[in-house]
Amino acid sequence: LYISSDHDKKQSQDEIDTDVGLRAKSHSQFFPPSPYQGPFWQLLFAHPVKAVKNIVALCNHAAERYRDSTLQNEIIELTVPFLPEGRRFLFSERMWLTYRGTTVTPYMLQSALMALEKWLLEAHTVGVDIAPCLEYVLRKSTSAFTLSVVASVLNAYPRLCSEKFLDLFRVREFIGMDRIRMVHESHAHAMASP
């Protein structure tokens, strides 16, 4: 279960938005966060390649700003050996759980990642080859914001797991965070049950 830190309690939504490089007050345009909030869902259907690139760029920018913010003590940098040049990823519990809406993060990021996950899951069910999109996200991402979505889709459709994707599940920190995600979700379902 995610326990909000003292820092979370002291920060307003505006401060969190600006910590990741978004305009203050942008959260009101994306509340409540959902796949349908904002332009992301429509863009994914109209221009999927451009939309995926823009969501990855948005999340990469937010991760860089997050690393330089007052929240930087939450972040670790991971070297992931299976990616070209052992690229480093910015990683935190807050980032990994953003797409599920279970942490204090900008609603814009939550909505963008929810839309990306939903689009990938639904596109696969109607026969769209989503492997190139997953590969693009894996190649271009610099943070757990978008890697968590790839992990979610691969959990749903394990047959998509080629060797390059399987390596994602060999990173100990990713496995640990996915366990935390499952605990969050089971807690949320228990709270929602009558």
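Moving on to the overall build of the protein chain. Along its length, the protein chain carries ten helices and two strands. Reading the secondary structure of the protein chain in the N-to-C direction produces α-α-α-α-β-β-α-α-α-α-α-α. Within the protein chain, buried positions represent 49% of all 194 residues. For the protein chain, the share of sequence-separated contacts (at least 6 apart) that also reach a separation of at least 24 residues comes to 65%. A total accessible area of about 9,700 Å² is found for the protein chain, and carbon and sulfur atoms account for 57% of it.

Another point: the packing of helix α4 (residues 48–67) against helix α7 (residues 131–140). Where α4 meets α7, the closest approach of the two axes is 10 Å, and the angle between their N-to-C directions is 25°. Classed by the angle they form, the pair α4 and α7 counts as roughly parallel. Regarding α4 and α7, the two cross each other, and that crossing is right-handed. Judged by residue contacts, Val52, Lys53, Val56 and Asn60 of α4 engage Cys133, Tyr136, Val137 and Lys140 from α7. Considering only residue class, the contact of α4 with α7 consists of five nonpolar, one polar and two charged.

This paragraph deals with the pattern of salt bridges. When the charged atoms of two side chains with opposite charge come close together, those side chains can pair. All told, the structure shown has seven salt bridges when counted by the stated rule. Across the pair Glu77 and Arg67 runs a salt bridge, and its minimum N-O distance is 3.9 Å. Of this pair, Glu77 sits in strand β1 (residues 76–79) while Arg67 sits in helix α4; the two residues are ten residues apart in sequence, bridging distant segments of the chain. By relative accessible area, Arg67 is classed as partly exposed at 28%. A salt bridge links Arg100 to Glu117; the nearest nitrogen and oxygen atoms lie 3.0 Å apart. With Arg100 in the loop between α5 (93–97) and α6 (107–125) and Glu117 in helix α6, this pair connects stretches of sequence that are 17 residues apart. Note on Glu117: relative accessible area 9%, which makes it buried.

Bringing the confidence of the model for the protein chain into the picture now. Confidence in the prediction for the protein chain averages 79 pLDDT; 76% of positions are at 70 or higher. Ranking the helices and strands of the protein chain by mean pLDDT puts α6 first, with 95, and helix α1 (residues 6–10) last, with 43. Note on residues 1–10: pLDDT is under 50 here. Beyond four places in sequence and across chains, it has 15 contacts.

Let us now look at the side chain of Thr98. Positionally, Thr98 belongs in the loop between α5 and α6. Owing to a relative accessible area of 0%, Thr98 belongs among the buried residues under this scheme.

What follows is about the nonpolar core. Within soluble globular proteins, side chains that are nonpolar tend to cluster in buried spots. Within the largest apolar cluster, 56 residues are counted, with the highest numbers of intra-cluster contacts made by Val52, Trp96, Leu120, Leu134, Phe145 and Phe174. Among the elements that make up this core, the one with the highest residue count is α6 (ten residues). Once you skip the residues sitting within four places of it in the chain, Leu134 turns out to touch Leu120, Val150, Val153, Leu154, Leu160 and Phe165.

Attention now moves to α6. With 19 residues, α6 should cover 27 Å at 1.5 Å per step; its first-to-last C-alpha distance of 27 Å lies within 8% of that length. Of all 19 residues that make up α6, 14 are buried, and the element is covered over most of its length. A positive phi of about 90° marks Gly127, the residue just after α6.

Turning to the side chain of Ser141, a few remarks are in order. Mapped onto the fold, Ser141 is located in the loop between α7 and α8 (144–156). We classify Ser141 as buried; its relative accessible area is 0%. A polar contact is formed between the side chain of Ser141 and the backbone oxygen of Val137, at a distance of 2.6 Å. Separated by 2.6 Å, the side chains of Ser141 and Thr146 make a polar contact. If sequence neighbours within four positions are ignored, Ser141 has contacts with Val56, Asn60, Arg87, Phe89, Thr146 and Leu147.

What counts and what doesn't
Residues numbered from 1 in each chain as written. Predicted model: local features only at pLDDT ≥ 70, side-chain atom pairs only at ≥ 80, totals over all residues. Heavy atoms only, no water. Helix = DSSP H or I, 4+ residues; strand = E, 2+ residues; numbered from the N terminus. Buried < 20%, exposed > 50% of the residue type's maximum accessible area, 1.4 Å probe, protein only. Contact = heavy atoms within 4.5 Å. Areas by Shrake-Rupley, 256 points an atom, 1.4 Å probe, with all protein chains shown as cover. Axes fitted to C-alpha atoms, helices over the stretch in contact; angles between N-to-C directions. Parallel < 35°, antiparallel > 145°, perpendicular 65-115°, else oblique. Left-handed = near helix turned anticlockwise from the far one by under 90°. Nonpolar A, V, L, I, M, F, W, Y, C, P; charged D, E, K, R; others polar. Salt bridge = Lys/Arg side-chain N within 4 Å of Asp/Glu carboxyl O. pLDDT = per-residue confidence, 0-100. Core = buried A, V, L, I, M, F, W, Y, C linked by side-chain atoms within 4.5 Å. Expected span 1.5 Å × (residues − 1). Polar contact = N/O pair within 3.5 Å; in protein donor to acceptor, adjacent residues only side chain to side chain.

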